[in-house]
Each structure stands twice: as C-alpha cells, then as structure tokens.
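In case you want the letters, here they are:
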Amino acid sequence: MAIHIGTGSMASPRHYSSQVFNHLGLVAGMYDELGLGELIDQALVQDEDSRNVSLGQAVKAMVLNGLGFTQRALYLTPLFFKDKPVERLLGPGITAEHLNDDVLGRALDRIYAYGPSRLYAQLAARAVQRLGLVCRFGHLDASSFHVDGQYNSDLEEPAGAIHITRGYSRDHRPELNQVVLQLLCERQAGIPLLIEALSGNSSDKTAFRETVRTYMEQLQGAVGLEILIADSALYTRETLQELSTQAWISRVPETLTLARELIHAVAPALMDDPTQAAWRTLGTSYGEVRQRWVVVYSPQARQRALKRVDKHCLKQGHAELKGFERLCSTDFACEADALKALARFERTLKSAMLGETHIEALPRFKGKGRPAKGREPDFFVYRIVGALASRVQERQRRLERKSCFILATNQLDAQTLSDEDLIAAYKDQQKVERGFRFLKDPMFMAATLYLKKPERIMALMMVMTLCLLVYAALEQRIRETLKAEQATVPDQKGKPTTHPTARWVFQYFKGIHVLVVEHVEQIVLNVQQQHSVILELLGPRYVAI
C-alpha cells in the first residue's frame, strides 16, 4: 500500500508505503544461518548470463512462500512477494517481479538435474551439523500426496523420473493420481535427513529395501546414523538381510504366526494390572537374522482397543446371527445336505460359535389348502434348529492383539540399547509422522502440486521438505535458546513457556510491518518487547533482518 501525504507547504508531498513482514524474517534468518543458499549456489550450475536471482535465492523464495502459510500456488510467487520487504528477505536489488515462474521453474530443473535426494542430503547434513544435533536414531516412513493434472500415468517411466499414477492411498483417495514421498527424520528436532520421491504405485516394503541398499552407508558417514527405525514395512526377510551392518528397530507385523502366538502367550501376564505398561523380552531369529523381541503392553492402546473390539464384535456377531437365521429358514432336501451347509457356515464363524443344534424333518404336502387329518406327507424337508453363542475367548484374544505389539531389533546388547530406550525410540516415530502432517497441511504448499513435468514435481517435493527442515530447525533453535537462557515466551493462554511451537511463534509475530519513506528510509513497525527478546536470543542475524 502506498500513499502520498501533503506537507502543508510548497515542498512536494512525501511518499509512504508499507510492506508485510510478520514472521518471514525468522524464516529468512534460519535459512541463512544454516547456509542453505550458499550450499545450493555451490552445488548447482548457475545461469550466469541472465540472472538477477541466484538458485539459492530462488529456493529461499519458494521456502518463504511455503512457510508463509497463504495457500499461494508456486506460479503466484511474485504476487506473494508484492507486499513483502523482498530485499530484506532475499538480498539487495531483488524485486517481486524477478521471482517469476521462469526463474523458479529453471531452479526446479537444476535441482532435478543435480538430483533432489542428493542435494537434500547435503543440505540436511549441514543443517544438523550447524545445529549441533546428534543423529543416533533415524525414523523412516512414507506417505502419498495427491497430484492434479495429467502426467505420465499411461506412459513409460522416463529415466530417473517418478511415475505419477494411482496406487494405494493412505488418505483413502485411490481414484486420484499420486506421488509417494519417503522421509527419514532424526529424533531430536524431527529434521528430515533424507528424502526420496517415488512413483505413485510404489510399495513401502520394496522402497524401504532400496533406501537401505542405497543410502544407509552414506548416512552413517554424513550424520553418524546408528539405528534405523521404521514400521512393519521394514520387517521383511530380504530387507533385514540387507541391514547386516546397520542396527535397526522395527515393529513386527501382526500377520506373522509366531508374533500372534507369542502375544497370546505372554499377554495375560502383561495385562495383569491393566493400568500399568509392561513388556517381556526374548531372543529369536527371523530371516536368518538373530534378534531381540520386546512384547509391549500399552494401557493407552488397550483403552482404544476396548471400543474398537467391542464395536467390531457387535457388528460381526450381528452379521453372523443374521446369516444363521437365514440358514435356519432354508429348506434342505435331505439331512446330509443340511449338515454340510451347517459345517460350511461354522467354518465362517469368528465372533460366535454354534450352540446346541439339530436337524429337524418337516412334512410337506402337495396341492392347495389344508391337508386332511391323518394324511401321510408327500415328502419331507429338513431344517437346522439351534442357536449361536458368543465366543468370549475370541474377544479376549482380539483385545490382547490390539493392546500389545512386538518390537524387534538386531542390537542384542541391552547395555548398548536397553529395552526402555528401544521402546521410547520407537514411540518417537511420530516425529516423521508429524512431518507428513505438516507437509499435508492445507495452508502449506501441498495444494500446489500441479506442475508441467514429473521432474519438477520431484524437485518441488525436495523444496517442500526443505521448508519442513527450516521450520523444525527454527523450532529447535528457539526452544534450546529459551531453555539455555532460562527465558520464556507467552503461550496461547498467556502463560510462560520454554517449549513453543514454531507455528505459535509465527502467529505471535503477525502484524509486524515495514514502513518505507521516500522509497529509501525503512522503519519496522509493531515490534513489541517480547519480539525483541526472541530476536536477541536468536542472535544478531535475526535482529539485522
């Protein structure tokens, strides 16, 4: 917004304009603190002949757009920056008009040519090094993203590019084309250490095995990764054998017969006090890999399971009762046919079991009207007579399976990795799940997954994950600084906290603007005392911006 204000004299009126700053200075400061732009400019080939914006600055613009939480599509980036202090955020001489879709598109092309996963791994390694994070544990998971537009769904995959097509949808939208993003996050701040864009129809089991084969040695050297953690998709014979030199933790699939038998064997003792968590440890072998299994009982899981199991048993029991009633109203030509049908039905029962049943012969007469007294029947039909009873034991077994789970690891030394640490580390799998929730937030860039080429989709997914990296790094930095300085900020209820989310800090900085006088002088408005405290704790870089 720009206005001219008269001076009340013969002097020409003064020109004022305002720009929206909000929390973007924090994002720009963290991007610079981590040295992300410098590394991108070093790694990627620059277009020196016709550029006002370096590739590092172009990526920074996309990160600022993504963390602006405005649902602004990528091609509307110039509009996003139209009312922003662009030079403060990106560098001298850069204007909103420079950030057009050609500039950003070329940046995405260069990222793809270099390799999105390769570039991101270098950026993540620098980030964790500068933040001083210890990356002992890495959490691996994958999720699907819906993609608008027609791509290469019906074509052969181009070399190196993903295939955008339909596949298993975790959001229950199998009718939409999609792409799968695989993340491996460190445990402390939830910063992604590795990304891999995959075809929409890819399988987690196969993809996890390829990740293990391709990246584990690199991650061990780059960030010191010691233990890989993943859900049951990791637990296949082939993948575990690939991890011969890598320690891992995985959830054992419930479909394994041995896992079910073990749960039912130890669950009654573990659930003796249903209010207390408990576990039991034993050694075993699977896929020719020696392992330590920990059977864990969770009171919270039991509370969730009670409702689900009772609801499921009630629904299934009602369906089985209806089926039995239909069977009992069916006429059979002979007793043998009725017994065969009863045996087939009994094999389908899960929530109920047969009570006392017998076959009853019923007389039938040909012709119309009531038969005469004493008349012999023309033939007999046979019907099943009886009742169903509830399978109490089956309900209990389901409750045990839903209340307990098994964690496995090839780290057999309990001194190096105790049972308590193993369980706590697996529960932190939510760090990577939280990352996916962030990326799928409607206010984020996920709605902008509409580009001309699959190659650019792959590059954009790297930029989206880079937004998550900057967000998580900033949150970690604020929390660690507040804790170290014994300072606090007010939370949503006005109470002091040392553990704010970055989203809340962003909200807290809303309303900060820059007043520009005569196109030269700039005054930052609405900076309150608490804002200054946070900025000074973060350091001179943030204060300067």
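What counts as what
Residues numbered from 1 in each chain as written. Predicted model: local features only at pLDDT ≥ 70, side-chain atom pairs only at ≥ 80, totals over all residues. Heavy atoms only, no water. Phe/Tyr/Trp six-rings, centres within 6.5 Å; stacked < 30°, edge-to-face > 60°. Lys NZ or Arg CZ within 6 Å of the ring centre and 35° of its normal. Axes fitted to C-alpha atoms, helices over the stretch in contact; angles between N-to-C directions. Helix = DSSP H or I, 4+ residues; strand = E, 2+ residues; numbered from the N terminus. Parallel < 35°, antiparallel > 145°, perpendicular 65-115°, else oblique. Contact = heavy atoms within 4.5 Å. Nonpolar A, V, L, I, M, F, W, Y, C, P; charged D, E, K, R; others polar. Pairing = 2+ DSSP bridges. Salt bridge = Lys/Arg side-chain N within 4 Å of Asp/Glu carboxyl O. Buried < 20%, exposed > 50% of the residue type's maximum accessible area, 1.4 Å probe, protein only. Core = buried A, V, L, I, M, F, W, Y, C linked by side-chain atoms within 4.5 Å.

Asks: What am I meant to see in the packing of aromatic side chains here?
Replies: Two numbers describe a pair of aromatic rings. These are the distance of the centres and the angle of the planes. This structure, assessed with the given rule, holds eight aromatic pairs. One aromatic cluster is present, formed by Tyr235, Trp248 and Tyr286 through successive ring pairs. Directly above the ring of Phe80 sits Lys84, whose terminal nitrogen or CZ lies 4.3 Å from the centroid. A cation over a ring is seen here: Arg237 above Tyr286, with NZ or CZ 5.1 Å from the ring centre.

Asks: Would you take a moment to explain the packing of helix α6 (residues 101–114) against helix α7 (residues 116–131) for this structure?
Replies: A pair of packed helices is characterised by two quantities: the angle between their axes and the separation of those axes. In the contact formed by α6 and α7, the axes pass within 5 Å of each other and the chain directions differ by 90°. Classified by the angle their axes make, α6 and α7 are roughly perpendicular. When α6 is examined against α7, the residues Ile111, Tyr112 and Tyr114 are found in contact with a partner set consisting of Pro116, Arg118, Leu119 and Gln122. Among the residues forming the contact of α6 with α7, the class breakdown is five nonpolar, one polar and one charged.

Asks: Teacher, can you tell me more about the sheet that holds strand β3 (residues 137–146) here?
Replies: Strand-to-strand pairing in sheets goes through backbone hydrogen bonds, with the strands running parallel or antiparallel. Pairing is mixed across the open sheet formed by eight strands, whose spatial order is β5-β4-β3-β6-β7-β12-β9-β8. Both outer strands of the open sheet, β5 (192–198) and β8 (278–286), are each paired with one neighbouring strand and no more. Direction aside, neighbouring strands of the sheet carry axes that sit 20° apart on average. Two elements, β8 and strand β9 (residues 289–297), share nine bridges in a ladder whose sense is antiparallel. Counted as the bridge partner of Ala278 is Tyr297 from β9. Helix α16 (residues 454–485) contacts β3, β4 (178–186) and β5 of the sheet and is inclined by roughly 155° relative to β5.

Asks: For this particular structure, what's the right way to read the pattern of salt bridges?
Replies: One side chain can pair with another of opposite charge once the charged atoms of both are near each other. Scanning the model with the defined rule gives 17 salt bridges in all. A salt bridge links Arg383 to Asp331; the shortest N-O distance between them is 2.5 Å. Here Arg383 is found in strand β11 (residues 379–390), whereas its partner Asp331 is found in the loop between α11 (299–328) and α12 (335–348), with 52 residues between them in sequence. In this structure Arg383 comes out as partly exposed when scored by relative accessible area, which is 24%. Here Asp378 makes a salt bridge to Arg375, at a shortest N to O gap of 3.0 Å.

Asks: What's the story with the environment of Ser418 in this structure? I'm lost.
Replies: Relative to the elements of secondary structure, Ser418 occurs in the loop between β12 (404–409) and α14 (419–427). According to the relative accessible area criterion, Ser418 is buried, its value standing at 18%.

Asks: Would you mind going over the nonpolar core with me for this structure?
Replies: Formed by 137 residues in total, the largest nonpolar core has its most connected members in Val63, Leu67, Phe81, Leu466 and Leu469. Sorting elements by how many residues they give to this core places α16 first, with 19 residues. Those residues in contact with Leu469, other than ones at most four positions away along the chain, are Leu34, Leu36, Tyr120, Ala124, Ala127, Ile191 and Pro192. In terms of nonpolar packing, the next biggest core, distinct from the first, is built from 14 residues, Phe137, Val294, Leu417 and Leu422 among them.

Function cannot be read off these values alone, since they describe shape.
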